[in-house]
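The primary structure of each chain is shown beneath.
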There are 2 protein chains.
Amino acid sequence: MHEHLRVNETATPNSTLFSAAFGKALKNKRTALNLSQEELGFRSGLDRTYISGIERGTRNPTLLIANRIAEALAIPLSVLIAEAEKPMQEGGASAV
Amino acid sequence: MHEHLRVNETATPNSTLFSAAFGKALKNKRTALNLSQEELGFRSGLDRTYISGIERGTRNPTLLIANRIAEALAIPLSVLIAEAEKPMQEGGASAV
DNA sequence: CTGTGACTAAAAGTCCGTA
DNA sequence: TTACGGACTTTTAGTCACA
């Protein structure tokens, strides 16, 4: 990319962890509501396969997209992200 | 895009509101820490002008970028976003 | 119902300036 | 110090066929 100060050289970059955690939190909320990816896609106006990618952590959505998904789940984005941050603080424990 | 049910036809789309609110929250936190955009840019490894764009609500960062900024501000992203959501709930009141 | 690779269009993100 | 623009590269948005 470009030469910046690399403070930490961890094997699993924080970025990957965050995407994975967000995906997990999303899947948790979705399944808790008994929604299929397809149904959530419909509610948020996003493609079914795109939702799938986010849940698997292979996609890095923008704030606006993340917010649309949160709205479709009827929760504030801050709450969804807070859920994603939980397992990261504890070092990878299971979510609710 | 494609034809979906338009529930609400507000003059200012939610997306714009959200970006603006996030930018405001960001600026609040940054100035509270007495950081210049340039300094925050350096700490987060992002371009000075990009930080500026986000604060003005003209840019829509990804979750990973937003998280890097939150880290540079030493707060969880969920907290920064929660700050952004506050004025939206109250209909555009001033932040702390 | 979900995972995945491939693809094009669009936007993110960088870097150079000026005011 | 910040706003803002232009030109540029990289990544995401959005979609499809197929497993």
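If you look chain A up in an unreviewed UniProt entry, it shows as Helix-turn-helix transcriptional regulator from Hymenobacter mellowenesis.

(A) Examining unusual backbone geometry more closely. All names here are of chain A. If you check the backbone angles, A74 has positive phi at about 60° while not being a glycine. Position of A74 among the secondary structure elements: in the loop between helix 4 (63-72) and helix 5 (77-89). A relative accessible area of 69% places A74 in the exposed class.

(B) Inspection of helix 3 (residues 48-55) of chain A at higher detail. Residue and element names in this part refer to chain A. By the criterion of burial, helix 3 is predominantly enclosed, with 6 of the 8 residues buried. Buried residues belonging to helix 3 abut helix 1 (14-32), helix 2 (37-44) and helix 4. Just past helix 3, the residue G57 takes up positive phi, approximately 80°.

(C) Seen up close, the side chain of E85 of chain B. One can find E85 of chain B in helix 5 (residues 77-89). Within the buried set, E85 of chain B has no salt-bridge partner at all; the shortest N-O distance to an opposite charge, 9.7 Å, is to K86 of chain B. A polar side-chain atom of E85 of chain B sits 3.0 Å from the main-chain amide nitrogen of L77 of chain A. Each residue touching E85 of chain B, except ones within four places of it in the same chain, is listed here: P76, L77 and S78 of chain A.

Calculation criteria
- Residues numbered from 1 in each chain as written.
- Chains lettered and ligands numbered in written order.
- Predicted model: local features only at pLDDT ≥ 70, side-chain atom pairs only at ≥ 80, totals over all residues.
- Heavy atoms only, no water.
- Helix = DSSP H or I, 4+ residues; strand = E, 2+ residues; numbered from the N terminus.
- Buried < 20%, exposed > 50% of the residue type's maximum accessible area, 1.4 Å probe, protein only.
- Contact = heavy atoms within 4.5 Å.
- Lys, Arg positive; Asp, Glu negative; His and termini not counted.
- Salt bridge = Lys/Arg side-chain N within 4 Å of Asp/Glu carboxyl O.
- Polar contact = N/O pair within 3.5 Å; in protein donor to acceptor, adjacent residues only side chain to side chain.

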